[in-house]
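# Structure assessment
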Amino acid sequence: MRFEASRAAVATAAILVPWRTANRTLPGISDVGLESKILHVVSLTLMSPYPLLIVSMCIFVCPGWAQSGKVARGKYLAEEVARCQECHTPKLPDGQFDKDKWMKGAVMNIQPIEPIKGWHKTSPDLTRPGKLWAKWGELAFIKFLTTGNAPNGKPAEAPMPTYRMSQDDAEAIVDYLKSLK
Ligand code: HEC
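Just so you know, these numbers come straight off a predicted model, no measurement behind them. (Residues numbered from 1 in each chain as written. Predicted model: local features only at pLDDT ≥ 70, side-chain atom pairs only at ≥ 80, totals over all residues.)

### Considering helix α5 (residues 131-147)
In α5, a bend of some 95 degrees at G137 exceeds every other bend along the element. Of all the residues in α5, the buried ones are F141, I142, F144 and L145. For α5, the elements touching its buried residues are α6 (167-178). Trailing α5 by a residue or two, G148 shows a phi angle of about 85 degrees, which is positive. (Bend = angle between axes of the 7 residues up to and from the residue. Helix = DSSP H or I, 4+ residues; strand = E, 2+ residues; numbered from the N terminus. Buried ≥ 20, exposed ≤ 12 C-beta atoms within 10 Å, placed from the backbone. Contact = placed C-beta atoms within 7 Å.)

Below, the structure written as structure tokens:
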């Protein structure tokens, strides 16, 4: 993020430098109207390599911004809407989530009053280094969240909910899970 900010600063400088140069080098600048000053700076900027510089910088900076926005949205959807951590993060004796094991799989702390067939007592690790990522890969993860079906064509067993999310939401959540170490 700091790297992106410094690139944005360079882009801003690329706009400001010709402006200052034009103001300094224009003869009798104070006699000239603001309109022609602006025109002069615009033409100076357009003739210089700066537009190309700004466009090429955007090619690097913009996708980075879009990607970090997507991960943040995925984090919000996973943690605040679907609340994956309720079942996929272990809890400490005081009832708080064990932040060191965030989404790393857990022993369930809930059990049905009446037995439910196939009820799982544990949940798998959802983070990038986990076994599931190695086995499934990104596309299967997205498909699981949009269709509710694992790569074997079947839904997961209870109490894993069957989510049928939009492609966009599923991609954002998977990008977020991929960012977890
Ligand atoms: C109510 C508890 C609960 C919630 C909430 C929950 N999970 Fe699960 N999840 C489980 C359990 C239990 C399993 C193990 C079930 C199985 O292996 O069939 C599981 C399995 C999975 C699997 C592996 C499925 C398979 O077939 O092997 C994935 C992937 C998964 N969960 C992702 C998520 C994501 C992403 C979220 C949030 C968007 C989430 N889970 C929310 C309990 C939950």
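### Notes on the packing of α5 against α6
It is the contact of α5 with α6, at a shortest axis distance of 9 Å, that shows an interaxial angle of 135 degrees. Judged on the interaxial angle alone, α6 and α5 are oblique. Seen along the crossing, α5 lies across α6 with a hand that is right-handed. Facing α5, whose interface residues are E138, F141, I142, L145 and T146, α6 presents Q167, A170, E171, I173, V174 and K178. Classifying every residue of the contact of α5 with α6 by side-chain character gives six nonpolar, two polar and three charged. (Axes fitted to C-alpha atoms, helices over the stretch in contact; angles between N-to-C directions. Parallel < 35°, antiparallel > 145°, perpendicular 65-115°, else oblique. Left-handed = near helix turned anticlockwise from the far one by under 90°. Nonpolar A, V, L, I, M, F, W, Y, C, P; charged D, E, K, R; others polar.)

### Observations concerning the nonpolar core
Counting 15 residues, the largest nonpolar core has L145, I173, V174 and L177 as the members making the most contacts within it. When residues of this core are traced back to their parent elements, those giving at least two are α3 (50-81), α5 and α6. With six residues, the single largest contributor to this core is α6. Leaving out residues up to four positions away in the same chain, L177 has contacts with M103, L126 and T127. (Core = buried A, V, L, I, M, F, W, Y, C linked by C-beta atoms within 7 Å.)

### Structural notes on the site of the ligand
Every one of the 22 residues lining the ligand counts as a neighbour, but A82, C84, C87, A150 and M160 are closest to it. Only α4 (85-88) and α5 provide two or more residues apiece to the shell around the ligand. It is α4 that provides the largest number of residues to the shell around the ligand, a total of three residues. Residues belonging to the shell around the ligand are distributed by class as follows: 16 nonpolar, three polar and three charged. (Near = placed C-beta within 6 Å.)

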